[in-house]
Amino acid sequence: MKKIIKGFIFAIMAFLGSVNIFASEKSEGAVERYAIYIGSNEGGNNKRLMYAGTDAASFQNIMSDIGGIRKSNSILLLDPEKDDVDNAMEYISELINKNKKNAKRSEFVFYYSGHSDENALLLGKNFYDYSSLKATIS
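Residues numbered from 1 in each chain as written. Predicted model: local features only at pLDDT ≥ 70, side-chain atom pairs only at ≥ 80, totals over all residues. Heavy atoms only, no water.

Looking now at the nonpolar core. Residues I36, I38, L77, V85, I92, L123 and Y128 are the most contacted members of the largest nonpolar core, which totals 16 residues. Among the elements of the structure, β1 (31–40), β2 (74–78), α3 (82–99) and β4 (120–123) are those that each provide at least two residues to this core. Not counting chain neighbours up to four residues away, the residues in contact with I36 comprise I75, L77, A88, M89, I92, F108, V109, F110 and Y111. In terms of nonpolar packing, the next biggest core, distinct from the first, is built from eight residues, A35, I69, V109 and Y111 among them. (Core = buried A, V, L, I, M, F, W, Y, C linked by side-chain atoms within 4.5 Å. Buried < 20%, exposed > 50% of the residue type's maximum accessible area, 1.4 Å probe, protein only. Helix = DSSP H or I, 4+ residues; strand = E, 2+ residues; numbered from the N terminus. Contact = heavy atoms within 4.5 Å.)

Dropping the structure here:
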């Protein structure tokens with residue numbers, strides 16, 4: 001558990017190290033940041049997590065407060081199906097393309113808290129395989 005927490009803290013610090021939290025995000029040509037946060041307590045086979053949804057919501061709040069990702073540029077999904085994730089990805093992609101002319105650069109964060117294995121994220125009884133996820137993010 002300590003390794004997970006240390007890794008999580010390291011990931012946040014690495015991201016924040018690349019973020020200028022004092023820069024005005026409203027200035028023309030600023031970096032626009034987008035995110036999808038997923039908390040999936042359902043693990044299939046009667047395995048249920050207790051705090052995946054809370055983790056995702058908390059991370060969204062942190063990134064909104066100090067990470068430069070406006071809530072209007074993010075989506076929080078709790079116990080979603082694969083189609084919900086795909087729809088969120090499509091919406092964020094459209095938002096990025098719509099705002100592209102006003103931003104110097106666009107950045108995207110995909111956050112997942114839940115069950116997974118070496119091949120896929122586990123969304124309830126559905127799987128989202130990593131190769132499909134990578135292709136969708138690209």
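Next comes the rest of the description.
What follows covers the side chain of Q60. Within the fold, Q60 resides in helix α2 (residues 52–66). Once residues within four sequence positions are removed from consideration, Q60 is found in contact with Y37, K71, S74, I75 and L76.

This part is about the sheet that holds β1. Taken in spatial order, the three strands make up an open sheet running β2-β1-β3, and their pairing is parallel. Each edge of the open sheet carries a strand with a single partner, namely β2 and β3 (105–114). Across the sheet, the mean angle from the axis of one strand to that of its neighbour is 5°, orientation sign disregarded. Across five bridges, the pairing between β1 and β2 is parallel. Across the sheet, I38 pairs through a bridge with L77, a residue of β2. (Pairing = 2+ DSSP bridges. Axes fitted to C-alpha atoms, helices over the stretch in contact; angles between N-to-C directions.)

Of all residues in the protein chain, 78% attain a pLDDT of 70 or more, and the chain-wide mean is 84. Low pLDDT, under 50, characterises residues 20–27; the predicted model gives this stretch six contacts beyond four residues in sequence or across chains. (pLDDT = per-residue confidence, 0-100.)

With respect to the element layout, E32 can be found in strand β1. Look at E32 and you get buried, because its relative accessible area is 11%.

Another aspect to go through is unusual backbone geometry. Although it is not a glycine, D79 sits at a positive phi angle of roughly 50°. You can see D79 is positioned in the loop between β2 and α3. When its relative accessible area of 32% is taken as the criterion, D79 is described as partly exposed.

What follows concerns the packing of aromatic side chains. With the rule as written, the count across this model stands at two aromatic pairs. Between Y37 and F59 the ring centres are 5.9 Å apart and the planes differ by 75°, which places this aromatic pair in the edge-to-face class. Within this pair, whereas Y37 is found in strand β1, its partner F59 is found in helix α2, the two being separated by 22 residues in sequence. Residue F59 is classed as buried on the basis of its relative accessible area, which comes to 8%. Aromatic side chains F59 and Y111 sit 4.4 Å apart centroid to centroid with 25° between the ring planes, which places their arrangement in the stacked category. A residue pair is termed long-range when its members are at least 10 positions apart, and F59 in helix α2 and Y111 in strand β3 qualify at 52 residues. (Phe/Tyr/Trp six-rings, centres within 6.5 Å; stacked < 30°, edge-to-face > 60°.)

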